[in-house]
Amino acid sequence: MELLIPHGEVLKRVKQLAEEIERVFPPDEELIVVGLLKGSFIFVSDLIREFRRNLFVDFMRVSSYRGTTSSGNVEIKKDLEMDIKGKNVLLVDDILDTGRTFKKVLDLLVAREPKSLKTCVLLDKPSRRVVDVKADFVGFTIPDHFVVGYGLDWDEWGRNLKGIYRVVI
């Protein structure tokens, strides 16, 4: 493994992202933060603690990975418990890779008629994109490396690492 982004840099960028996001959503309106499990849970936790507003949090669990490979098949394993119709929603994911999973979830959320829907990812790998989709807020753009740490895993391994590491296979 090779350290790609130290923990301190991650936390600094998370704080900046929260400030950028808060400028977009009206401060007197509800905000629902939707995290995609499992990989985003640490990012979501740190991000929401940087907001200076009341908000609601819900999670979806979707899967498309088997080991280090995206299967292209997107399976919804846990859906939202909150109704997002007419609400401001921020979708948060750990990494935007091929875009298949992200786009499927976006389409699902749009169909539920939120008032507004913005997206935030910790990591973006545009070189791997096969679906035309972009995040509104991006923590870091990275090359095509398989990464673990800060919630990202390799078959459940490495989630607890504080920084973000490149897996050398």
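Coordinates for the structure precede this section.
Please read these numbers as outputs of a predicted model, since none were measured by experiment. Once a new chain begins, its residue numbering starts again from 1 and follows that chain's sequence as written. This being a predicted model, a pLDDT of at least 70 is required before a residue's local features are given, and a value of 80 or more before pairs of side-chain atoms are given or counted; all residues contribute to the totals for chains, interfaces and linings. The basis for every side-chain value is the complete set of heavy atoms in the structure, and neither hydrogens nor water enter the calculation.

K.L.:
Tell me about a nonpolar patch on the surface, and name the residues and values.
P.N.:
Note that patches include only residues with greater than 30% relative accessible area and no salt bridge, and the join distances are 9 Å for like charges and 5 Å for nonpolar side chains (Val, Leu, Ile, Met, Phe, Trp, Tyr). Each accessible area is a Shrake-Rupley result for a 1.4 Å probe, and residues are judged covered by the shown protein chains and nothing else. Whenever a carboxyl oxygen of Asp or Glu lies within 4 Å of a side-chain nitrogen of Lys or Arg, that contact is scored as a salt bridge. On the surface, Met1, Trp154, Trp157 and Ile169 cluster together into a nonpolar patch covering about 480 Å² of accessible area. Its location among the elements puts Met1 in the segment before β1 (2-5). Labels follow the DSSP assignment, with helices taken as runs of H or I lasting at least four residues and strands as runs of E lasting at least two, numbered in each case from the N terminus.

K.L.:
So, the sheet that holds β1: which residues are in play, and what are the values?
P.N.:
Note on pairing: DSSP must find at least two bridges between two strands before they are called paired. Judged by pairing direction, the sheet is antiparallel, and its three strands sit side by side in the order β1-β9-β8 without closing on themselves. Edge positions in the sheet fall to β1 and β8 (147-148), since each has one partner strand and no second. Sheet analysis places β1 next to strand β9 (residues 164-166), joined by three bridges and oriented antiparallel. Bridge pairing in β9 places Leu3 opposite Tyr165.

K.L.:
Outline the packing of helix α1 (residues 7-24) against helix α2 (residues 41-50), listing residues and values.
P.N.:
Helix axes use the C-alpha atoms of the stretch in contact, all axes being lines fitted to C-alpha atoms, and the angles between their N-to-C directions lie in the range 0 to 180 degrees. Here α1 crosses α2 at 55°, and the two axes come no closer than 8 Å. When the interaxial angle is binned, α1 and α2 end up oblique. For α1 against α2, the interelement crossing comes out right-handed. Contacts from Leu11, Val14, Lys15, Leu17, Ala18, Ile21 and Glu22 of α1 reach α2 at Phe43, Asp46, Leu47 and Glu50. Classification convention: Asp, Glu, Lys, Arg as charged; Ala, Val, Leu, Ile, Met, Phe, Trp, Tyr, Cys, Pro as nonpolar; all other residues, Gly among them, as polar. By residue class, the composition of the contact of α1 with α2 is seven nonpolar, no polar and four charged. Should an angle fall under 35 degrees it is called roughly parallel, over 145 degrees roughly antiparallel, and 65 to 115 degrees roughly perpendicular, with every other angle called oblique. Two helices crossing with the near one rotated counterclockwise from the far one by less than a right angle form a left-handed crossing, whereas a clockwise rotation gives a right-handed crossing. The contact definition used throughout considers only heavy atoms, calling two residues in contact when any of these lie within 4.5 Å.

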